[in-house]
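Given next are the chains, with one letter for each unit.
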Amino acid sequence: MLELRSVAADIAGAPVLRGVSMHLPPGGLVALIGRNGAGKTTTLRAIMGLLPLRGGAVLVGGEEVTSAPAHHRTRLGIGYAPEERRLFGPFTVQQNLLLPAEVLRLPPAETARRLDAVLTFLPELAALASRRAAGLSGGQGKMVALGRALMVGTRAVLLDEPFQGLAPALAHRYADALRGLHAAFPGVALLVTESNPQLLEPLVDTTYVIERGEIVPDEIATLKTTITKHG
Amino acid sequence: MGEWFEQNGALLGLALLDGIASAALIFMVAVGLNLVFGVLRVLNVAHGSFFAIGAYAAASLGLFLASAGLPAWASLLAILLAAVLTGLTLGPLIERFLLRRIYAEESVLQLLVTFALFMILEDAQKLLWGVQPVSFSGPVSMMGTVDVPFAGDVIPYNTYQVILLPAIALLTLVGLALFLRRTLTGRVIVAVTLDREAATAMGIDAGRIYLLTFAFGAVLAALGGALSAPTASLVPGVGASTIVLSFAVVATAGLGQIEGAALTALMIGIGRSVAVTFEPELEVVVPYLIMVAVLLVRPQGLFGVPETRRI
């Protein structure tokens, strides 16, 4: 469904991604694990076309989209929930949810169907619909950001550190929600970034570990974690 | 106080009307400048050139239509047409071929580039229209005067400046606010203003919105200029004084504020005309005194919201 081939990218002249390759199968649940600054967010931004690549390719459904304009990603059915929510504060929750569908000029029936699916999965959002996004709590905001990504992410949704800033107990509930999300939207491939591998380990099909802008083979990563823990 | 008012009441009334008329024009320029800065994050000094060129174009077109024997109301059409033509030709050209290349640059460089453009356009105006004053007072004389009651006095004032200009500014204010809140394109413009990257991830073509917003801002500034053309003789330098005043309005109101810009334009417009009437030597400094006084107390502007800058 989604494939990265040796993607390299710089930010302000410094290499942040050095040849990242990964694969997100249709309907798969894949984790991208790494410390802060390892390149997780940059990987997602690269997939979304939000920064210029120095090398490599991004493929969606086997088709290369590396040089396609960033705003075409939603047409390909890719939704993105950035780490800091990035909601439009003066808009209501409903306006935030509907904006991507309106921009895509989806037929009203299709928009209603998607909104219905999102509200069935996140029923709390219905009660918040007319609230301004700026007045939401952190957790509520995360839900809206997720809902907004699901409105266009019919094939894949990228979630950047959805557990960041949540209390541990809440994070575990969120992990359950992620399982629920995967079940509720079976056709949608999920790529989730996280700095704590334990949270996602039991859920995902595949785990990629990123360090200093490179994907490290899983076994080596596991070994390193073990060594750091016991050493 | 009472005695002073007795002697100067009519003068004060006149100053207020002058202030309202000039505030209407400043608002048209400032609101476009504000919109463009919000979306493009480029402070466009050449925004004042749209005002000046719109003014000259309206005068030329209006005088041409009059000499062709068209009725007087055609001069109002000339104003509108000149504004739209100026904005829609210069705006898109400048955005696409100049500004688009410098969005990633530092703001100092952007400022220098738009300032250079301003200077070039200033000379282009002198080449095209010369340095002699151009006068186009048809619309003002056509609309006659209206008696404005003020503090027991009656002040005759020209209808064009005291009714038409404020009405158009008010229409712009209400229309723009409704456009930004109620239409999809408006909300998309707001979304790009708030967070370009998040907007792009929502499928919004930010480049298209940049072009659209810039052209729209250019039309508003050119309309301000075209509307100003009948109120005073046009001389070189009219663009510079306008851009500086609208900078003051935008800074005083706070970025992204439309209703705020209208109120601030009134404050600065009236402040300036009161100074012209009673203390002419203060005319030039009054707008900046107002701005400095406001910014000392509220650095984000009267109506602005403090913003944390994202790296």
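All of these numbers come straight from a predicted model, not from anything done at the bench.

(A) Main features of the overall build of chain B. Check the secondary structure of chain B and you find 12 helices and two strands. Secondary structure elements of chain B, listed N to C terminal, follow the sequence α-α-α-α-α-β-β-α-α-α-α-α-α-α. The C-alpha atoms of chain B give 20 Å as radius of gyration, which agrees with the globular expectation for 311 residues (19 Å, within 12%). For the C-alpha atoms alone, the extent of chain B along its principal axes is close to 60 × 50 × 35 Å. Sequence-distant contacts, at least 24 apart, represent 75% of the contacts inside chain B between residues at least 6 apart.

(B) Focus on unusual backbone geometry. You will see that Arg85(A), though not glycine, has its phi angle at about 65°, which is positive. Note that Arg85(A) resides in the loop between β6 (78–81) and α2 (93–103). Although it is not a glycine, Arg41(B) adopts a positive phi angle of roughly 60°. Tracing the sequence through the fold places Arg41(B) in the loop between α1 (2–40) and α2 (47–67).

(C) Focus on the domain arrangement of chain A. Residue and element names in this part refer to chain A. Along its sequence, chain A is carved into domain 1 (1–77 + 153–231) and domain 2 (84–152). On a C-alpha basis, the centroid separation for the pair domain 1 and domain 2 is 23 Å. If you look at the interface, domain 1 gives 13 residues, while domain 2 gives 10 residues. Where the side of domain 1 that touches domain 2 is concerned, the elements lending two or more residues are β7 (156–159) and α6 (168–184). In terms of residue count, α6 provides more of the side of domain 1 that touches domain 2 than any other element does, three residues in total. Classifying every residue of the side of domain 1 that touches domain 2 gives eight nonpolar, four polar and one charged.

(D) Spotlight on the UniProt feature "transmembrane region" (unreviewed entry) in chain B. Residues and elements named next belong to chain B. According to UniProt, the positions carrying the feature "transmembrane region" (unreviewed entry) are residues 20–43, 50–66, 72–90, 102–121, 160–180, 209–228 and 234–253. Secondary structure within residues 20–43 divides into 88% helix and 0% strand; the distance between the first and last C-alpha atoms comes to 26 Å. Here residues 209–228 is 100% helix and 0% strand, with 28 Å between the C-alpha atoms at its ends.

(E) Here's a closer look at the sheet that holds strand β2 (residues 14–24) of chain A. Residue and element names in this part refer to chain A. The four strands lie next to each other as β2-β1-β4-β5, forming an open sheet whose pairing is antiparallel. The sheet is open, and its two borders are formed by β2 and β5 (63–64), each paired with just one other strand. Sheet topology places strand β4 (residues 55–60) next to β5; two bridges connect them, and they run antiparallel. In the sheet register, Val 60 faces β5, and the bridge partner there is Glu 63. Most of the contacts of helix α1 (residues 40–47) go to strand β1 (residues 2–11), to which it runs at about 115°, and overall it touches β1, β2 and β4.

(F) Fine view of the confidence of the model for chain B. With 98% of its residues at a pLDDT of at least 70, chain B reaches an overall mean of 91. Overall fold confidence (pTM) sits at 0.90, and the ipTM for the predicted complex is 0.89.

(G) The arrangement of α6(A) in detail. With 17 residues, α6(A) extends 24 Å between its outermost C-alpha atoms, agreeing within 8% with the 24 Å of an ideal straight helix rising 1.5 Å per residue. At its buried positions, α6(A) is contacted by α3 (108–121), β8 (189–194) and α7 (197–200) of chain A.

(H) Seen up close, the packing of α2(B) against helix α4 (residues 107–129) of chain B. Residue and element names in this part refer to chain B. Contact pair α2 / α4: the axes reach a minimum separation of 9 Å and the direction vectors enclose 10°. Relative to α4, the element α2 is oriented roughly parallel. For the pair formed by α2 and α4, the contact residues are Gly 48, Ser 49, Ala 52, Ile 53 and Tyr 56 on the first element and Phe 118, Leu 121, Glu 122, Gln 125 and Trp 129 on the second. In terms of residue class, the contact of α2 with α4 is made up of six nonpolar, three polar and one charged.

(I) Region of interest: the sheet that holds strand β9 (residues 206–211) of chain A. Residues and elements named next belong to chain A. In space, the six strands of this open sheet follow the order β6-β7-β8-β3-β9-β10, with mixed pairing throughout. Two strands close off the open sheet at either side, each with one partner strand: β6 and β10 (214–216). Recorded for the sheet is a direction-independent mean angle of 25° between the axes of neighbouring strands. With four bridges joining them, β6 and β7 adopt parallel strand pairing. Residue pairing across strands places Ala 81 opposite Leu 159, the latter belonging to β7. The strands touched by helix α5 (residues 138–152) within the sheet are β6 and β7, with β6 carrying the most contacts at an inclination of about 170°.

(J) Region of the structure containing the environment of Pro156(B). Residue and element names in this part refer to chain B. By the element assignment, Pro 156 lies in strand β2 (residues 153–158). Among the residues examined, Pro 156 registers 12 C-beta atoms within 10 Å and is labelled exposed. Among all residues touching Pro 156, those that are not within four sequence positions of it are Thr 145 and Asp 147.

(K) Fine view of the pairing of β2(A). Residues and elements named next belong to chain A. Across eight bridges, the pairing between β1 and β2 is antiparallel. The residue of β2 that forms the bridge with Val 7 is Val 20. Linking β1 to β2, which pair antiparallel, is a turn of two residues; within it Ala 12 sits at a positive phi near 50°.

(L) Representation of helix α3 (residues 74–97) of chain B. The end-to-end C-alpha distance of α3(B) is 34 Å, a good match for the 34 Å that 24 residues give at a rise of 1.5 Å each. Residues of α3(B) that are buried include every one of Ser75(B), Leu76(B), Ala78(B), Ile79(B), Ala82(B), Ala83(B), Thr86(B), Gly87(B), Leu90(B), Gly91(B), Ile94(B) and Glu95(B), and no others.

(M) Looking closely at the pairing of β2(B). Residue and element names in this part refer to chain B. The pairing of strand β1 (residues 145–150) with β2 spans six bridges and is classified as antiparallel. Paired with Val 148 across the two strands is Ile 155, which belongs to β2. What sits between β1 and β2 in their antiparallel hairpin is a turn of two residues, with Ala 151 showing a positive phi close to 45°.

(N) Inspection of the interface of chain A and chain B at higher detail. With 21 residues of chain A in contact, the opposing surface of chain B contributes 15 residues. Classifying every residue of the side of chain A that touches chain B by side-chain character gives 14 nonpolar, four polar and three charged.

What counts, and where the lines are drawn
- Along each chain, residues carry numbers from 1 onward, in the same order as the chain's sequence is written.
- Think of it this way: whatever chain is written first is A, whatever ligand is written first is 1, and the rest follow in order.
- Since the coordinates come from a predicted model, pLDDT governs what is reported: local features require at least 70, and pairs of side-chain atoms require 80 or more to be given and counted, while whole-chain, interface and lining totals use all residues.
- Only DSSP runs of H or I reaching four residues or more are called helices, and only runs of E reaching two or more are called strands; each is numbered from the N terminus.
- C-alpha atoms define the radius of gyration in this analysis, and the globule rule sets the expected value at 2.2 Å times the number of residues to the power 0.38.
- Contacts here follow a simple rule: the backbone-placed C-beta atoms of the two residues must lie within 7 Å.
- These domain limits were set by an automatic method or by a database of domain assignments.
- The nonpolar class holds Ala, Val, Leu, Ile, Met, Phe, Trp, Tyr, Cys and Pro. Asp, Glu, Lys and Arg form the charged class, and all remaining residues, Gly among them, are polar.
- UniProt positions are given in the numbering used here, feature names are shortened, and annotations may be inferred rather than shown by experiment.
- When DSSP finds two or more bridges between a pair of strands, those strands are recorded as paired.
- Axes here mean lines fitted to C-alpha atoms, for a helix over just the part in contact, with angles spanning 0 to 180 degrees between N-to-C directions.
- pLDDT runs from 0 to 100 and stands for how confident the predictor is about each residue.
- Helix span, expected: 1.5 Å multiplied by one less than the number of residues in the helix.
- The labels follow the angle: roughly parallel below 35 degrees, roughly antiparallel above 145, roughly perpendicular from 65 to 115, and oblique for the rest.
- With C-beta atoms placed from the backbone, a residue is buried if 20 or more other C-beta atoms are within 10 Å of its own, exposed if 12 or fewer are, and partly exposed between those counts.

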